[in-house]
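This is what each chain is made of:
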Amino acid sequence: MLSIHNTLTRKKEAFVPIEPGKVRMYVCGMTVYDFCHLGHARVMVVFDMVVRWLRASGFDVTYVRNITDIDDKIIKRAQENGESIRALTDRFVAAMHEDADALGVLLPSHEPRATDYVASMQSLIGRLYEKGLAYQADNRDVCYAVRKFPGYGRLSGKSIDELRAGERVEVVTDKRDPLDFVLWKHARDEEPEEVKWASPWGPGRPGWHIECSAMSSDLLGERFDIHGGGQDLQFPHHENEIAQSEGAHGHTFVNYWMHNGFVRVDDEKMSKSLGNFFTIREVLARYDAEVVRFFILRAHYRSALNYSDAHLDDARNALTRLYTALRNVAPASGGLDASEAHAERFASAMNDDFNTAEAIAVLFDLANEVNRSQSPEMARQLKALAGVLGLLERDPVAFLQGGDGGDEDAGRIEAAIAARTEAKKSRDFATADRIRAELLEQGVVLEDTPQGTAWRRA
């Protein structure tokens, strides 16, 4: 049985869906005013893995990952660029999809944009207002009265007083309490008309936290199975979602909360201020997208992920070993044998809170078995199990020989290999060694096999 580490209870719990055989899951998506970065890549890949395993386990999964397309940063960037909010967000939504596609991330079942759900947000705010959990501040913003919600702080594991003393709490005098957060932002004169919606509290726009409460309840119901996101969203965003949704509906909002760990760069937290901030596109300019996906999945999703060139190089070499096994032994036809020992170990790892680190270790054991036994059946198992994680789905030769040189470059390499083969037949080993060395300098590794000489990129 699948167990999930529930952030809310701080322990692993057996997963029991609300509706047998079906899973409803919501993950906080991107705020689209710039290109996605490595932290976004981890969220997308991790929860894509979760969905893939749930579906492989026989569940019917409805997966919602939202798009925040209205936000202070979006407004500021659009004004700086002299373009409309929609033009800016459409451009970066398209870029996000390109990045996700490159990383092998499947489209969610629903991808709601916040601006399409403003009416639902206003309805939810209205319910909070009626229950005395919301009020209009002196600056005409509508705020949530945190101290009136008894369970506030459960997700972050802190009391109201501890949170009140936290340095992340911004003191705004218009609020009744510094912990209170904005549900509806009253329109500012300097803001463009396209971000001003009519409401019972005057023209304005929704606060960030209310967006996810409204979109998730509209698409998944008032209570659903799994809510996920990055660790940085645990407080205040997810804490506030619980307060809003449970305050409005009067019952449990989400059964299982999942949070993936931070991305670090050379053991330091990734941030623009430190100058170690990388977009997905910057990384993909240097590394194959499947290598990046493999690098992300090789670590357990709750652990910190340390990005460095050395770790990416190691991931590339490791993925190369797996593809080499499949190149040397063509997989047998047919599907996965779930009762085979490696498949059972793989399933056990994945059912233990999605332990991809252990599951990938099983793939390497399988690759070793393929190399030892030359078994097409074991090669089929390797390809099928890796496919559950969105890995090893390409032609092995295409991956191993991938590069920017195209057919002309491949033809040149093949010609050099043919010349080396002739030199070896003539016992001109000095020439054969020279050709091998020259190709290696160009990043091409030769591998002599019983079937002939194969080559791959270093």
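Residues numbered from 1 in each chain as written. Predicted model: local features only at pLDDT ≥ 70, side-chain atom pairs only at ≥ 80, totals over all residues. Heavy atoms only, no water.

Per an unreviewed UniProt entry, the chain goes by Cysteine--tRNA ligase and derives from Azoarcus taiwanensis. In UniProt, the chain has this text filed under Catalytic activity (unreviewed entry): "tRNA(Cys) + L-cysteine + ATP = L-cysteinyl-tRNA(Cys) + AMP + diphosphate". The record in UniProt for the chain states the following under Subunit (unreviewed entry): "Monomer." (UniProt positions renumbered as here; feature names shortened; annotations may be inferred.)

Peer 1: Help me understand helix α4 (residues 118-130) in this model?
Peer 2: Since the α-helix turns once every 3.6 residues, residues separated by three or four places project in the same direction. The end-to-end C-alpha distance of α4 is 18 Å, a good match for the 18 Å that 13 residues give at a rise of 1.5 Å each. When α4 is considered as a whole, its buried residues turn out to be V118, M121, Q122, L124, I125, G126 and L128. Buried positions along α4 lie against β5 (134-136), β6 (142-144), β7 (181-186), β8 (204-206), α6 (208-220) and α7 (234-249). The first or second residue beyond α4 is G132, which carries a positive phi of 75 degrees. (Helix = DSSP H or I, 4+ residues; strand = E, 2+ residues; numbered from the N terminus. Expected span 1.5 Å × (residues − 1). Buried < 20%, exposed > 50% of the residue type's maximum accessible area, 1.4 Å probe, protein only. Contact = heavy atoms within 4.5 Å.)

Peer 1: Is there a simple way to think about the side chain of E290 in this case?
Peer 2: Mapping E290 onto the fold places it in helix α9 (residues 289-297). Classification of E290 as buried rests on a relative accessible area of 8%.

Peer 1: It is not clear to me how the state of the cysteines should be interpreted in this structure. Could you clarify?
Peer 2: Simply put, the disulfide is a covalent bond whose two ends are the sulfur atoms of two cysteines. Scanning all chains against the criterion turns up zero disulfides. Distance from the sulfur of C36, which forms no disulfide, to the nearest cysteine sulfur (C28) is 14 Å. Looking at the unpaired C212, the closest cysteine sulfur is the one in C28, lying at 3.8 Å. (Disulfide = S-S within 2.5 Å.)

Peer 1: Could you clarify how one ought to interpret the sheet that holds strand β4 (residues 60-68) in this entry?
Peer 2: As a general point, the strands of a sheet are linked pairwise by backbone hydrogen bonds and lie either parallel or antiparallel. Strands sit in the order β4-β3-β9-β10 across an open sheet of four strands; the sheet is parallel. The open sheet has two edge strands with one neighbour each: β4 and β10 (254-260). Adjacent strand axes in the sheet meet at a mean angle of 20 degrees, parallel and antiparallel pairs treated alike. Relative to β10, strand β9 (residues 224-230) runs parallel, the two sharing six bridges. Each bridged residue has a counterpart across the sheet, and for G228 the counterpart in β10 is M258. (Pairing = 2+ DSSP bridges. Axes fitted to C-alpha atoms, helices over the stretch in contact; angles between N-to-C directions.)

Peer 1: Any chance you could explain the UniProt feature "binding site: Zn(2+)" (unreviewed entry) in the chain here in plain terms?
Peer 2: Mapped onto the present numbering, the UniProt feature "binding site: Zn(2+)" (unreviewed entry) falls at C28, C212, H237 and E241. Judged by maximum C-alpha separation, these annotated positions cover 214 residues in sequence but sit close together in space, the widest gap being only 11.0 Å. Looking at where C212 falls in the secondary structure, it is placed in helix α6. With sequence-adjacent residues up to four places away left out, C212 is seen in contact with Y26, C28, N66, H237 and E241. Mapped onto the secondary structure, E241 falls in helix α7.

Peer 1: Quick question: what am I supposed to make of the environment of A367 here?
Peer 2: You can see A367 is positioned in helix α12 (residues 356-373). Residue classification places A367 among the buried residues on the basis of a relative accessible area of 3%. With 41 residues separating them along the chain, A367 and L326 place their C-alpha atoms 8.0 Å apart. Not counting residues within four places of it along the chain, the set of residues in contact with A367 comprises L322, A325 and L382.

Peer 1: Even after reading the chapter, I still don't get the pattern of salt bridges, so can you show me in this structure?
Peer 2: When the charged atoms of two side chains with opposite charge come close together, those side chains can pair. Counted according to the given criterion, the structure contains 40 salt bridges. Of the charged contacts, one joins D69 and R113 as a salt bridge, the two residues approaching to 2.9 Å between their closest N and O atoms. Of the two residues, D69 sits in the loop between β4 and α2 (72-81) while R113 sits in the loop between α3 (85-102) and α4, which places them 44 residues apart along the sequence. Comparing D69 with R113, the two get one shared label, buried. Across the salt bridge formed by R281 and D99, the nearest N and O atoms sit 3.1 Å from each other. (Salt bridge = Lys/Arg side-chain N within 4 Å of Asp/Glu carboxyl O.)

Peer 1: Just checking my understanding: could you explain the environment of V444 for this structure?
Peer 2: Here V444 lies in strand β14 (residues 444-449). Residue class for V444 comes out buried when judged on its relative accessible area of 1%. Along the chain, V444 and R434 lie 10 residues apart, while their C-alpha atoms are 13 Å from each other. Apart from residues lying up to four places away in sequence, V444 is in contact with I413, L439, W455, R456 and R457.

Peer 1: I tried to follow the pairing of β14 on my own but got confused; where do I start?
Peer 2: Bridge analysis of β14 against strand β15 (residues 452-457) gives six bridges, and the strand direction is antiparallel. The residue of β15 that forms the bridge with L446 is W455. Taking the residues between adjacent antiparallel strands as the criterion, β14 and β15 are bridged by two residues.

Peer 1: Sorry if this is basic, but what is going on with α3 here?
Peer 2: Helix length check: α3, at 18 residues, gives a terminal C-alpha distance of 26 Å against a target of 26 Å (1.5 Å per residue), a fit within 8%. Within the sequence span of α3, burial applies to I85, L88, T89, F92, V93, A95, M96, D99 and A100. The buried residues of α3 occupy an angular sector of 165 degrees when projected down its axis, which confines them to one face. Here the buried face of α3 lies against β3 (22-31), α1 (38-56), β4, α2 and α8 (280-284). Note on α3: the residue one or two positions beyond its end, G104, has a positive phi of about 75 degrees. (Arc of directions from axis to C-beta.)

Peer 1: When you look at the packing of aromatic side chains in this model, what are you seeing that I'm missing?
Peer 2: What describes a pair of aromatic rings is the distance from one ring centre to the other and the angle between the planes of the rings. Inspection of the entire model under this criterion finds 15 aromatic pairs. For the ring pair W184 and W201, a centre distance of 6.1 Å and an interplane angle of 55 degrees mean the geometry is tilted. With W184 in strand β7 and W201 in the loop between β7 and β8, this residue pair connects regions lying 17 residues apart in the sequence. Just as W184 is buried, W201 falls in that class too. A cation sits over an aromatic face here: R176 above Y135, 4.0 Å from the ring centre. A cation over a ring is seen here: K269 above F262, with NZ or CZ 5.1 Å from the ring centre. (Phe/Tyr/Trp six-rings, centres within 6.5 Å; stacked < 30°, edge-to-face > 60°. Lys NZ or Arg CZ within 6 Å of the ring centre and 35° of its normal.)

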